[in-house]
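One-letter residues, chain by chain:
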Amino acid sequence: MKLRFLGADREVTGSCHCLEACGKRILIDCGLQQGQDEKDNNRLPISPDQVDLVLITHAHIDHSGRLPLLVKEGYRKQIVATSKTCQLMEIMLRDSAHIQQSEAQWRQRKGKRAGRDAAPPLYTMEDADAAIALFSPVEYHQTVPLFEGITARFVDAGHLLGSASIEITVTEGNTTQVIVFSGDIGNLDQPIIRDPEYLTKADYVVMESTYGDRNHGVVEPLKPQLARIIDTTLARGGNVIIPSFAVGRTQELLYFIREIKEQYLTPKAGNFDVYVDSPLAAAATSIYDGDLTGYADEETLAVLQAGFRPLYFPGLHICQSAEESMALNADQKPKVIISSSGMCEAGRIRHHLKHNLWRGECSVVFVGFQAAGTLGRIILEGAKEVKLFGEPISVKAQIHNLVGMSGHADHAGLLKWIHSFQDNMPRRVFVVHGEDETCQTFQHYLQSEGFPAIAPYFQSSYDLLENRCLEPGVPPEKLPAGQARLKGTPAYQELVLTAQDLARFVESCQGRPNKTLAKISAQIKQLMEEWK
């Protein structure tokens, strides 16, 4: 009986673990690496022909995004998740495949002009559809026989609709072991979904640590903050622009806005219009608008039982086509626009920012984490001007950051979750899904509280019968000071590649006449000055 760590080990994305028991190999999550963690998405950490089954904790791409690649390379067996996770994965994997194909086409056009070969897409829509065909949905608390001697049980993790912690019970000979995979543990008191469930017994626990080194802090309730921003902005004739993640966060916002309208919290704005401008968000909202029995919290179920739709209200409009999206910026009526992507790196939100950032009467409201280097982070940190579609745009709109909408448990929430095992102390707690320093900090904190915790490295493995390390694994890549991985949008990556070509060109200029060198230098300086 062995556990191998194949992703999100001392890193935040690309979750993937492999349990070997009873002669079978079970993959728990198969996520895409994102942001600064991205190194080798095109290489699976395990050969598909070695995998007998896949279990998925929830639909987010950093936990499910490499499923189409797994299928592309030959996997043909079941993919087991809760029914709501299966529904959300269906739209998210197709959306991811669309992005992969679009970016590959973009790279191929650029590469052709530059005389470079471009890599094909990581996977295609056909690969995503093939993965979706393998879905095997289950419900919470259902004991699911996986193989002889192995069962699984999914319980609500409270992170996203359908998200789960997975309890796997393995019997080999006369020995039975319980291994719990936390998935992403949710924050408390989120709209629509329930709080995390707390398991109490396990021999081994694999738990996330995203916020293991910090708490969210005490913040003003979100609903009155949002109501105040909407009321004052629309009253002065401006638009409220909300960059939002399409799945989960957008639906939470719609829930809050429905309550704001029902409770008449915007007396100046009246019955204002709200536009959701994201096809993926529209598809996800239709799932959230379906039968939520067994998934939603009591408050949401009460709204449903009363005959109301918790995410719909007078004045809500869903934009599907590009034409509908463009029409929003031609319409002078003050409105709320919710659009993706949440960090403003791509998608329709960039067009709405272009048309509204320079208007002092408008407001831009951030409702999620903005990673370093993203356009959202740049605006949030006080930039006076940004570039959108090659055009300098002044930042004169009011900028707001609504903290407290995190879908992850903070330090205190993670401790509450793991302390539910205290009366039945696990043999070991594996700390994963956190930045290197965060994993170490949380590991040491758990150790100080008596838990036998360790933060495993990528490709490490452990014997679960003897509770010992078999392979130490590989520490996270440490880049030299001042050097960063190539990341950002495809356009930015192309810019970096062009800069590298320029550096090589400059080296080749050695020995040319001084007059020529001076002219080249002046032209480069002029170009940089134009784009500062």
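That block above? That's the structure.
Residues numbered from 1 in each chain as written. Predicted model: local features only at pLDDT ≥ 70, side-chain atom pairs only at ≥ 80, totals over all residues. Heavy atoms only, no water.

Tell me what's going on with the packing of aromatic side chains, and back it up with residues and numbers.
A full pass over the atoms with the stated rule returns six aromatic pairs. An aromatic cluster of at least three residues, connected via ring pairs, comprises Phe-5, Tyr-204, Phe-430 and Tyr-462. Lying across the ring of Tyr-255, Arg-258 places its NZ or CZ 4.7 Å from the centre. The ring centre of Tyr-312 lies 4.1 Å from the NZ or CZ of Arg-309, which sits over that ring. (Phe/Tyr/Trp six-rings, centres within 6.5 Å; stacked < 30°, edge-to-face > 60°. Lys NZ or Arg CZ within 6 Å of the ring centre and 35° of its normal.)

Break down helix α13 (residues 436-448) for me, citing the residues and quoting the values.
One turn of the α-helix equals 3.6 residues, which is why residues spaced by three or four share an orientation. For α13, built from 13 residues, the straight-helix expectation of 18 Å at 1.5 Å per residue is met to within 8% by its first-to-last C-alpha distance of 19 Å. Three or more residues of α13 are buried, namely Asp-436, Thr-438, Cys-439, Phe-442, Gln-443 and Leu-446. All buried residues of α13 lie within an arc of 165 degrees about the axis, which places them on one face of the element. Facing away from the buried side of α13, by more than 90 degrees, are the exposed residues Glu-437 and Ser-448. Contacts from the buried residues of α13 go to β11 (204-208), α12 (411-419), β20 (428-432) and β21 (453-454). Among the residues trailing α13, Gly-450 stands out with phi positive, at a value near 95 degrees. (Helix = DSSP H or I, 4+ residues; strand = E, 2+ residues; numbered from the N terminus. Expected span 1.5 Å × (residues − 1). Buried < 20%, exposed > 50% of the residue type's maximum accessible area, 1.4 Å probe, protein only. Arc of directions from axis to C-beta. Contact = heavy atoms within 4.5 Å.)

So what about the nonpolar core? Which residues, and what values?
Grouped together as the largest cluster of nonpolar side chains are 104 residues, with contacts concentrated most on Leu-27, Leu-55, Leu-88, Ile-168 and Leu-226. The dominant element in this core, judged by the number of residues it contributes, is helix α3 (residues 83-114), at seven residues. Those residues within four positions of Leu-27 in sequence are excluded, and the remaining contacts are Leu-6, Cys-16, His-17, Cys-18, Ile-46, Val-51, Leu-53, Val-54, Leu-55 and Leu-70. (Core = buried A, V, L, I, M, F, W, Y, C linked by side-chain atoms within 4.5 Å.)

From the geometry alone we can't say anything about function, so treat these as descriptive.
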